[in-house]
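Chain and residue survey
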Amino acid sequence: MIGDRDPDRVGELEDEVEHLRRAMDAHALVDQAIGVVVAVGHLHPEQGWMVLKRISQHTNLKLRDVARALVLWPAGGPLPESVRRALPHAMEQVRRLDREPARKAPGGERPGTGSRPAPSRHGDRAADEDGSAPRPPRTVASCSCQP
């Protein structure tokens, strides 16, 4: 049995399993928070990810803490004041980036997007019933940030 031969290795593997479990939980939490941002802000998932990163960077909160607050918020959980203030600004900044012509960074990517592809401008929003172009999404800046 491995435990009889190498107890140090067993401890290392147990630590690794625990670390991987925490990483999976954090990843699921971030994905759920992206869903909240996408639903509230009428954004694409890539834009939701960018919003989370911006909020984390500008509030000096860990990404998982921002994600946790955003996931609990629709069920009546408190939204920290710093996140409540940063959310509409981050969404507007991300929308503004999406409207800008596709500038290329030295590595060939749009600034601020990392290695992920840039979201489409209109995505899955359907045209109005009369066939005209889709309406722009509502902004959270015009509301009190209630889900």
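Located above this text is the structure these notes cover.
For the structure given in this document, a descriptive report is provided here. (Residues numbered from 1 in each chain as written. Predicted model: local features only at pLDDT ≥ 70, side-chain atom pairs only at ≥ 80, totals over all residues. Heavy atoms only, no water.)

1. Notes on the packing of helix H3 (residues 45–59) against helix H5 (residues 81–99)
Two quantities define a packed helix pair, namely the angle between the axes and the distance from one axis to the other. At their nearest, the axes of H3 and H5 sit 8 Å apart, and the two run at 130° to each other. Classed by the angle they form, the pair H3 and H5 counts as oblique. Judged by the twist between their axes, the crossing of H3 over H5 is right-handed. When H3 is examined against H5, the residues Gln47, Met50, Val51, Arg54, Ile55 and Thr59 are found in contact with a partner set consisting of Ser82, Val83, Ala86, Leu87, Ala90, Met91, Gln93, Val94, Leu97 and Asp98. Per-class residue counts for the contact of H3 with H5 are 10 nonpolar, 4 polar and 2 charged. (Axes fitted to C-alpha atoms, helices over the stretch in contact; angles between N-to-C directions. Helix = DSSP H or I, 4+ residues; strand = E, 2+ residues; numbered from the N terminus. Parallel < 35°, antiparallel > 145°, perpendicular 65-115°, else oblique. Left-handed = near helix turned anticlockwise from the far one by under 90°. Contact = heavy atoms within 4.5 Å. Nonpolar A, V, L, I, M, F, W, Y, C, P; charged D, E, K, R; others polar.)

2. Some points on the environment of proline 80
Checked against the element boundaries, proline 80 lands in the loop between helix H4 (63–72) and H5. The exposure class of proline 80 is partly exposed, given its relative accessible area of 35%. Sequence spacing of proline 80 and leucine 70 is 10 residues, and the spatial spacing of their C-alpha atoms is 9.3 Å. (Buried < 20%, exposed > 50% of the residue type's maximum accessible area, 1.4 Å probe, protein only.)

3. A look at the pattern of salt bridges
In total, this model carries 6 salt bridges according to the counting rule given. Salt-bridge contacts for glutamate 12 lead to arginine 9; the nearest nitrogen and oxygen are separated by 3.4 Å. In this pair, glutamate 12 and arginine 9 are both assigned in helix H2 (residues 7–41), 3 residues apart and thus about one turn of the helix distant. Exposure remark for arginine 9: the relative accessible area of 35% places this residue in the partly exposed category. Here the residues in one salt-bridge network are Glu81, Arg84 and Arg85, joined through shared partners. (Salt bridge = Lys/Arg side-chain N within 4 Å of Asp/Glu carboxyl O.)

4. Things to note about the nonpolar core
In this structure, Val37, Val51, Leu52, Ile55, Leu70, Trp73 and Leu87 are the most contacted members of the largest nonpolar core, which totals 26 residues. Counting residues per element, the ones that place at least two in this core are H2, H3, H4 and H5. If near-sequence neighbours (up to four positions away) are discounted, valine 37 is found in contact with His42, Leu43, Gly48, Val51, Leu52, Leu70, Leu87 and Met91. (Core = buried A, V, L, I, M, F, W, Y, C linked by side-chain atoms within 4.5 Å.)

5. Focus: H4
Along H4, the residues that are buried comprise Val66, Ala67, Ala69 and Leu70. Each buried residue of H4 sits inside an arc of 165° when the element is viewed along its axis, so together they form one side. Lining the buried residues of H4 we find H2, H3 and H5. (Arc of directions from axis to C-beta.)

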